[in-house]
Structure formats: structure tokens, C-alpha cells
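Analysis of the macromolecular model
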Amino acid sequence: MSTSTTTRDGTAAAGTTGGDTGPGAPRERRHAHSRGFGPGFVVKLVLMALINAIGLFGILAAWAAGSWGILVFLVAALLAADLVYFLPARKLLPAKYLFPGLVFLLVFQVFVLVYTAATAFTNYGDGHNATKDAAITQLTTTYEQRVEGSEAYAVTVLEGPDGLALAAVQDDRVLVGAADRPLAPLEGAAVTDGRVVEAPGYEVLSYGEVVGAQDELGELRVPVSGQAEDGALRTDDGRTAYAYEPTLTYDEAADAMVAADGTVYADNGEGAFAGPDGEALRPGWRVFVGLDNFGAIFDPAVLGGPFVAVTLWTFAFAVLSVALTFFLGLLLAILFNDEKLRFRNVYRAIVFLPYAFPAFLSILIWAGLLNTDFGFVNEVLLGGTGVPWLENPWLAKLSLLLVNLWLGFPYMFLVTTGALQAIPGELYESAEMDGAGPVRQFGSITLPMLMVAVGPLLIASFAMNFNNFNVIYLLTGGGPQDLESTTGVGATDILISFVYKIAFAGGTNDYGLASALSILIFIMVAVVSALTFRRSKALEEIS
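Residues numbered from 1 in each chain as written. Predicted model: local features only at pLDDT ≥ 70, side-chain atom pairs only at ≥ 80, totals over all residues. Heavy atoms only, no water.

Things to note about the overall build of the protein chain
Formally: Numbered from the N terminus, helices here are DSSP runs of H or I no shorter than four residues, and strands are runs of E no shorter than two. Based on C-alpha atoms, the radius of gyration is set beside the globule rule, defined as 2.2 Å times the residue count to the power 0.38. Think of it in three bands: residues with accessible area under 20% of the maximum for their type are buried, residues over 50% are exposed, and the middle band is partly exposed, with areas taken using a 1.4 Å probe on protein chains only. Residues are treated as being in contact if the distance between any of their heavy atoms lies within 4.5 Å. Residue burial considers only the protein chains on display, and all accessible areas are found by Shrake-Rupley using a 1.4 Å probe. A residue counts as positive if it is Lys or Arg and as negative if it is Asp or Glu; His and the chain ends are not included. Working definition for charges: the position is that of NZ of Lys, CZ of Arg, CG of Asp or CD of Glu.
When you go through the protein chain residue by residue, the secondary structure sums to 17 helices and 17 strands. Relative to the 2.2 N^0.38 estimate, which gives 24 Å for 543 residues, the radius of gyration of the protein chain is 35 Å and therefore markedly larger than a compact globule would have. Each of the 543 residues in the protein chain was classed as buried or not, and the buried ones make up 36%. Long-range pairs, those at least 24 residues apart, make up 58% of the contacts in the protein chain between residues at least 6 apart in sequence. In the form shown here, the protein chain has an accessible surface area of approximately 31300 Å², with 63% of it arising from carbon and sulfur atoms. Computed over 29 positive and 52 negative side-chain charges, the inter-centroid distance for the protein chain is 20 Å.

Details of unusual backbone geometry
With an omega of 5 degrees, the peptide bond running from Arg282 to Pro283 counts as cis. Tracing the sequence through the fold places Pro283 in the loop between strand S17 (273–274) and helix H7 (292–298). Omega for the bond connecting Gly479 with Pro480 falls within 30 degrees of zero, at 5 degrees, which places this linkage in the cis form. Mapped onto the fold, Pro480 is located in the loop between helix H15 (469–475) and helix H16 (495–505). The residue Asp172 is not glycine, and still its phi comes out positive at about 60 degrees. Turning to its location among the elements, Asp172 is positioned in the loop between strand S5 (163–170) and strand S6 (173–178). Residue class for Asp172 comes out exposed when judged on its relative accessible area of 80%.

Notes on the domain arrangement of the protein chain
Counted only if it meets this: For the purposes of this description, domain bounds are those given by an automatic or database domain assignment.
What the domain assignment lists for the protein chain is domain 1 (39–120), domain 2 (132–285) and domain 3 (312–484). Using C-alpha coordinates to define each centre, domain 1 is positioned 43 Å away from domain 2.

Here's the deal with the nonpolar core
Rules: What makes a nonpolar core is a set of buried Ala, Val, Leu, Ile, Met, Phe, Trp, Tyr and Cys residues whose side-chain atoms join them at distances within 4.5 Å.
Of all hydrophobic cores here, the largest spans 45 residues; its most connected members are Ile297, Phe307, Phe466, Leu495, Phe498, Ile502 and Leu517. It is helix H8 (residues 300–336) that contributes the most residues to this core, 10 residues altogether. In this structure, Ala168, Leu175, Val222 and Val224 belong to the second largest nonpolar core, which totals 19 residues.

With respect to the pairing of strand S12 (residues 232–235)
So the rule is basically this: A pair of strands is treated as paired once DSSP finds two or more bridges between them.
Neither face of S12 is left uncovered, since the one carrying Ala232 and Arg234 and the one carrying Leu233 and Thr235 both have all their residues buried. Bridge count for strand S11 (residues 222–223) against S12 is two bridges, and the pairing is antiparallel. The residue of S12 that forms the bridge with Val222 is Leu233. Following S12, the chain reverses through four residues before pairing antiparallel with strand S13 (residues 240–246); Gly238 in that reversal takes a positive phi of roughly 80 degrees.

Structural notes on the UniProt feature "transmembrane region" (unreviewed entry) in the protein chain
Counted only if it meets this: UniProt positions are given in the numbering used here, feature names are shortened, and annotations may be inferred rather than shown by experiment.
In the numbering used here, UniProt assigns the "transmembrane region" (unreviewed entry) feature to residues 37–62, 68–87, 99–118, 312–337, 349–369, 398–423, 444–464 and 511–533. Along residues 349–369 the backbone is 90% helical and 0% strand, and the end-to-end C-alpha distance reaches 24 Å. Helix makes up 100% of residues 511–533 and strand makes up 0%, while its end C-alpha atoms are separated by 32 Å.

Focus: the side chain of Arg234
Operational definition: The term polar contact refers here to a pair of N or O atoms within 3.5 Å; inside protein, the definition further demands a hydrogen-donor-capable atom paired with an acceptor-capable atom, and it admits residues adjacent in sequence only when both atoms are side-chain atoms.
Structurally, Arg234 is set in strand S12. Of the residues examined, Arg234 reaches a relative accessible area of 17% and is grouped as buried. A polar side-chain atom of Arg234 sits 3.4 Å from a polar atom in the side chain of Tyr244. In this view, Arg234 contacts Glu144, Leu220, Arg221, Thr240, Ala241, Tyr242 and Tyr244; residues no more than four positions away in its chain are not counted.

Some remarks on the sheet that holds strand S16 (residues 264–267)
If you trace the four strands from one edge of the open sheet to the other, you get S14-S15-S16-S17, paired in antiparallel fashion. Both edges of this open sheet fall to strand S14 (248–251) and S17, since each of them pairs with a single strand only. Pairing analysis gives four bridges linking S14 to strand S15 (residues 256–259), with the strands arranged antiparallel. Following the sheet pairing, Tyr250 is matched in S15 by Met257.

This is the structure:
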């Protein structure tokens, strides 16, 4: 990452390297890119220009969206990048290599953890997605009815200086209004076939532009007059509008929504307006709920029952998957490690094949093979029996373990093969001289020495299987589903697939509850990993 130049007098300088270093030979001095304009500096300049352009775009986008936290982070990261890569200080040399990794660590690890933890203490989910102001706006525009006896207006959608506007022809007059201005006559407008085609000060939107502004048009309400009882025009297709009046209004003084019949919906403190009978209006807004989500997880009346069952199955699935794949891989590694076995490299290549095949394809193929009605296992191997491999809760769990064993044992075979070849043969010779048999040698030499080498890998495998969403989702989808449960949980759901259903597939999309479960999963994996690592240190004394 440096260039070299020859000093004018050809003498050596401190820190010179490279080139002919013999007596009398010209010496070269190395210096940083920031001190010259060589090709390396030009490349760095172009890359930093791109980074600054992207960062500036992100800053402006964050400013427009009002995301002040992201804006502050981008400004700080951009300033830090420019200082690290342009200041000619030798103390900043390590930072040039660490800075990209540090930024990715903050974005993809620290931010995700902090955001998940913050969400776990809120009611964020369907019906509670936005702020209170957004909820009030949504309620006042959603709860409305057509003004009785009102006529239909043939309207034209206009783009004005303050946003969208509607133009209508009434009594041979052109009326134009916007969200903050009721319909009023506009002079100089042109009308063809009963519709406005030109309006001074406005741009008439084409059909394509109306479709493109559909979301904004759906929220547009143009007061018919200065009288609230006349209602406001609303159009869904940009061609015909009707006058609607709200059935809910917001009483700012009382901080409550008031219905047309006088019913008052007050703020219940839980992110919603609720009536006297407890009926809550939707949508609500996001609020801090403390430990309510964690309480719901352990409450038997809410998620307590499914949570305990899913947690026990998750631990059983992770432990059995690691144990089965490890011992099958170890057994095959010991068999194929025998130098007397012919063609053992061919056998090793065959054993490795399941690991080389894409896992998600393997899982989908297994799902077809185990199909009850037309799967290969039932139709061919079992002579047309209808064994419900994926429909019976216990058989579905057994099928998951077998498929996961198929996917995982080649990895353990590779790992243990390398570890076996690293054990000194003298240990076995000494054991034989002391009269130790194969079983004693395996228990006293092979297994302890293997655990020193593969212990951390087994911990990583446990953590991976603890969150092995793919095999659950693709093979059984977490089913068979418990029809008596309101959570949509199935017999083979593990915690991570349970979180997925709560967040995205349960019909309620409760992100706060799913985040609380994710925090618990993180704590479980962290505790198990820490205890196992602490235990594995005792094995290091063996080596």
C-alpha cells in the first residue's frame, strides 16, 4: 500500500526498502499515498469519492425521512472515513484496515441487536405500526360515510403548488379545491365533454400519473364548502368523486376520538383509543409496554404452554442432531481411516456427496420422498403403505432428525477424519503395551483427543441447529399444526420457526412479541455456549 521514489541525491533515508541495496546503489524511500499522486492515490481518491457520494445520498434520504439517528451515524461514519483514509498519520494505519469491518459490525450486528431489544419492549405489530398522529389521521380518514343525498362529481386530478387538487364542473363553473382549500371558482379553465382539460396555475395529470399517485390520491379530501356538514370530496379512480363526512372526529382537548353518535373513545394507555365497553379502535400506535411481551411468553394462558413445548423440542432437536451427526461421522471416519481398507478415498468421496449437494434441494427432495400419498418411501420401499411421515407429530420429528442427519454427517466425517489423523500413533502403541483394548483406547485416547479438536465445532453446530430454520420450514413447515392452539404452532416448530410464525405468518404480525422471543433465544444460546466452552477448557489439559 505504498509507492517508492528515489531521493534526489541517491542517498538512503530512514525506512528505505526494496531495490538494489548494494554499496553505492541508489536507495529508495517509501512514503504513504497521501503524500503523492501515484496510481494508488488516484484509486483511493475515486473510491473515497464514491463512498462520499453514497454517504451524502444516505444523509439526504435520512433527513427527508426524519430518521435522525441514522443521519447522525452516517455523518459520523463519513467524517471518520475521510479522516482515517486522508490524514497522513502513521497512528491511523491500523484503522485503515479495521474501519470497514467496524462499520459492518455496527450496522449488521450492534444495530440489529439494539433494535431487536428496543422492539421487544413495545407493542409493535399489526395495528400498532406508526405514531399516534398517524393513527389519528388514519382513523379520521377511514371512519367516514357518504353524505346523504350528495351528488357525484366528474373530477379532474390536478397538480398544484401545494400538492394534488381536484377540479369539477358545476353549473357551468369550474371549481378547484385542495386538502386545505374548499372548492372555489377558477377563471380561465378549459372544459371538454364536461371535464376540465386546462387549469391556470395547475398541471392536469394524465391517467398514468394519476395511477402513480394513487396512494396520495386515496388520502386526499377536498372540502366541498366552508361548512363541515357538506363533507369532503374523495375519489378512488381519479374520475368520479363523492362527498363524505367523517364518523369519527378527534377532540384535541380531551385527547379522544368522538363518534357521530357521541360515543367517546379515550386513550387507554396501551396504544389505542377504546370506548366505554372496552372496544379498541384500529389502528393504534406504538408504545412502550415494559415486560408485557416477556410476561405473555411465560403466561400459560397466552404463550406459556406452546413456549415450553417448543423450547423442550428445540433443545432435543439441537442436541440429538449434533450427537447423531457427530457419532455417525466419527464411526465412518474410524472405518475409512484404516490403512488396510482398499479404495478408501473413493468411499470418502461418496460419503461427502450429500454435503456437496445444495441443502435446500435435498430437503425438498426428502419432503417428496416422505409424502404420505405418493412418496417414494411409502409407494416403493414400503409397498404402498400410507405411513404419515410428515403428518404424525412423532413421525414428523423422527423424519426431521433423519433428514438433518443426512445433511450433517458428512461435515462431521470431514472434521473427525482430520482430527483422527492428528492423534500421535505412539499413544495407541503405548496403550497396547499396557494391555488396553480397542474400547479402552477409544474412551481414553480417541474421544478425549477428538473433543479437544472438535469441541468448539460441536458448540457451533449446536448453535446452528438451535436456529436451523431451513430444515424445519422446508420439510414440515413446523407442522403438523396444533389445531387447538391459537398461535399456529406445530409439533415440529422450534423456537426460531415459532418466532417466524408470530412475526410474519400468524395473522397478527406481532413484532414486539417476536423480538422478545428472539432475545430469549439469544440468551439461551449464549448461556449454553459459555458453559460448554468453559467445560471444553478442561479437555485442553489432556493435550
